[in-house]
Amino acid sequence: MPNIKSAKKRVLVSKANYEHNKAYRSALRTAVKKADAAIDANSEDMAVAVTAAVKKIDQAASKGILHKNNAARKKSALVTKFNKANA
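Keep in mind that what you see is a predicted model, and the values were worked out from it rather than measured. (Residues numbered from 1 in each chain as written. Predicted model: local features only at pLDDT ≥ 70, side-chain atom pairs only at ≥ 80, totals over all residues. Heavy atoms only, no water.)

## Quick notes on the pattern of salt bridges
The cut-off we apply is this: Each reported salt bridge corresponds to a side-chain nitrogen of Lys or Arg within 4 Å of a carboxyl oxygen of Asp or Glu. Starting at the N terminus, helices and strands are each numbered in turn, a helix being any DSSP run of H or I of at least four residues and a strand any DSSP run of E of at least two. Under the scheme applied here, a residue whose accessible area is under 20% of the maximum for its type counts as buried, over 50% as exposed, and between as partly exposed, the area being computed with a 1.4 Å probe on protein chains only.
Throughout the structure, instances matching the rule amount to 4 salt bridges. With a closest N to O distance of 3.4 Å, Asp-40 and Lys-81 form a salt bridge. With a gap of 41 residues between them, Asp-40 in helix 1 (residues 5-41) and Lys-81 in helix 3 (residues 68-86) connect regions that are remote in the sequence. The exposed category is assigned to Asp-40, whose relative accessible area is 57%.

As structure tokens, this is what we get:
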């Protein structure tokens, strides 16, 4: 455990940021899984699910939770799968 006051604060801030990012990543994964499930089921709302997932991915990249190239790869894979299902 840190002894210096500023180091103690950094531990608390770091933990809070970790929890926030963890929750955001979880919501992102849930959105992507819902989009994948909608595509696999070929449901009517798959365009809405894909749009929502892409939006979540973009938000995560802008907040620094995902690297921009990682976000681009995830979006590309999702949209490619969506386009194949529509073809």
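## Points about the nonpolar core
In plain terms, the rule: By nonpolar core is meant a set of buried Ala, Val, Leu, Ile, Met, Phe, Trp, Tyr and Cys residues that side-chain atoms within 4.5 Å join together. Every residue pair with non-hydrogen atoms within 4.5 Å of one another is taken to be in contact.
Ranked by size, the top nonpolar core spans 11 residues in total: Ala-31, Ala-35, Ala-38, Ile-39, Met-46, Ala-49, Val-50, Ala-53, Val-54, Leu-78 and Phe-82. It is helix 2 (residues 46-62) that provides the largest number of residues to this core, a total of 5 residues. With residues up to four places along the chain from it excluded, the contact list for Ile-39 reads Met-46, Val-50, Leu-78, Lys-81, Phe-82 and Ala-85. Grouped together as the second largest cluster of nonpolar side chains are 7 residues, Leu-28, Ile-57, Ile-65 and Leu-66 included.

## Remarks on helix 3
Cut-off, in case you're wondering: Given a helix with a known number of residues, its expected span is that number minus one, times 1.5 Å. Of all possible arcs, the one meant is that of the directions from the helix axis to the C-beta atoms.
Along its 19 residues, helix 3 runs 27 Å from first to last C-alpha, staying within 8% of the 27 Å computed at 1.5 Å per residue. Buried within helix 3 we find Ala-71, Leu-78 and Phe-82. Along the axis of helix 3, the buried positions cluster into a sector of 45 degrees, meaning they face one direction only. Among the exposed residues of helix 3, those pointing more than 90 degrees away from its buried face are Arg-73 and Lys-84. Lining the buried residues of helix 3 we find helix 1 and helix 2.

## Thoughts on unusual backbone geometry
Phi at Asn-42 is positive, roughly 55 degrees, even though this residue is not glycine. Along the chain, Asn-42 turns up in the loop between helix 1 and helix 2. Residue Asn-42 is classed as exposed on the basis of its relative accessible area, which comes to 52%.

## Here we look at the environment of Ser-43
Here is the rule we go by: Any pair of N or O atoms that falls within 3.5 Å is considered a polar contact. Within protein, one atom must be able to donate a hydrogen and the other to accept it, and sequence-neighbouring residues count only if both atoms are side-chain atoms.
Tracing the sequence through the fold places Ser-43 in the loop between helix 1 and helix 2. Note: C-alpha distance between Ser-43 and Ser-76 (33 residues apart in sequence) is 20 Å. Side chain to side chain, Ser-43 and Asp-45 meet in a polar contact 2.7 Å long.

## A word on the environment of Ser-76
Here Ser-76 shows up in helix 3. Relative accessible area serves as the criterion here: at 43%, Ser-76 is assigned to the partly exposed category.

## Here's the deal with the packing of helix 1 against helix 2
Heads up, the condition is: Lines fitted to C-alpha atoms define the axes, with helix axes restricted to the stretch in contact, and inter-axis angles between N-to-C directions lie between 0 and 180 degrees. An angle below 35 degrees is read as roughly parallel, one above 145 as roughly antiparallel, one from 65 to 115 as roughly perpendicular, and any other as oblique. Throughout, a crossing is termed right-handed when the near helix is turned clockwise from the far one, and left-handed when it is turned anticlockwise from it by less than a right angle. Polarity classes work like this: nonpolar for Ala, Val, Leu, Ile, Met, Phe, Trp, Tyr, Cys and Pro, charged for Asp, Glu, Lys and Arg, and polar for all others, with Gly in that last group.
At a minimum axis separation of 8 Å, helix 1 and helix 2 run at an interaxial angle of 155 degrees. Judged by the angle between their axes, helix 1 and helix 2 are roughly antiparallel. At the point where helix 1 passes helix 2, the crossing takes the left-handed sense. In contact with Tyr-24, Ala-27, Leu-28, Ala-31, Val-32, Lys-34, Ala-35, Ala-38 and Ile-39 of helix 1, helix 2 contributes Met-46, Ala-49, Val-50, Ala-53, Lys-56, Ile-57, Gln-59 and Ala-60. Its residues assigned to classes, the contact of helix 1 with helix 2 comprises 14 nonpolar, 1 polar and 2 charged.

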